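Fold and contact review
Here is what each chain is made of, one letter per residue.
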Amino acid sequence: TITTTMECAGNGRTFLEPQRDGAQWEGGAVGTAEWTGVPLAALLARAGVRPTAHEVILIGADLGELKHSPRPEGKIHYSRSLPLPKAMDDVLLVSRMNGQPLSPSHGFPLRAIVPGWYGMAAVKWLTRIVVSSETYHGYYQTIDYAFWERGSASPTLRPITEMRVKAQIARPGFAEAVPAGHPYRVHGAAWTSGAEIVRVEVSTDAGTTWNDARL
């Protein structure tokens, strides 16, 4: 059982300038929960992993035909891969959330939880696990949930993986009116992957000046 924060890779997309395609999340696509299950490493150990293994591919039951180009023909399953070291580290295959059986919307009967990575890696409705000796080039690994990284030769598409450092104000809420002349407690949360948050600053004048928040 672990407690971990999961964030959608598109969290806060509605605030981006210029606007980007995808679900126009404001600030609600992140949450923290307690997950109970079996370490993926234990399952792989029982199955036996060959020395040539490179990645572990998680395949979900959700199946559909893509609407936007570039796209493959026909229906495809949602799938993502993990490098073998990550799969053997802290990934869980879970059946319970906050002490209760998974609900259908949260991936019943079984889903993956990948601590420190964006939510697209936490495949729901898990049906198959494939260990591969080659790099996986699935649609949701290369076309969607990927970003351009500039290299010395040319830009290269890289899959989105670890959560970046981020802070989010919970109150005041989006479009909330704050009464003038009265004290108001501004509060929220900050998180990242594989590191500790040591400082958060807050500005009330559009970034002209900044003050330390109390952690």
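Attention in this report is confined to the structure presented alongside it. (Residues numbered from 1 in each chain as written. Predicted model: local features only at pLDDT ≥ 70, side-chain atom pairs only at ≥ 80, totals over all residues. Heavy atoms only, no water.)

1. A look at the sheet that holds strand 3 (residues 55–65)
Here we have 3 strands laid out as an open sheet, ordered 4-3-8, and antiparallel in their pairing. Each edge of the open sheet is held by one strand with a lone partner, namely strand 4 (75–83) and strand 8 (126–132). Neighbour to neighbour, the strand axes of the sheet diverge by 30° on average, direction disregarded. In this sheet, strand 4 lies alongside strand 3 in antiparallel orientation, the contact comprising 8 bridges. Across the sheet, the residue bridging to Glu65 is Lys75, located in strand 4. (Pairing = 2+ DSSP bridges. Helix = DSSP H or I, 4+ residues; strand = E, 2+ residues; numbered from the N terminus. Axes fitted to C-alpha atoms, helices over the stretch in contact; angles between N-to-C directions.)

2. Brief notes about unusual backbone geometry
A cis amide bond links Glu17 to the next residue, Pro18, at an omega of 0°. Position of Pro18 among the secondary structure elements: in the loop between strand 1 (2–7) and strand 2 (30–39). Of the consecutive residues Ser69 and Pro70, the connecting peptide bond is found in the cis state with omega at -5°. Within the fold, Pro70 resides in the loop between strand 3 and strand 4. Positioned with a positive phi, Asn98 is a non-glycine residue whose angle comes to about 55°. The residue Asn98 is located in the loop between strand 5 (92–97) and strand 6 (100–101) in this model. Phi is positive for Trp125, which is not a glycine, with a value near 50°. Take Trp125: its relative accessible area is 27%, and that puts it in the partly exposed class. (Buried < 20%, exposed > 50% of the residue type's maximum accessible area, 1.4 Å probe, protein only.)

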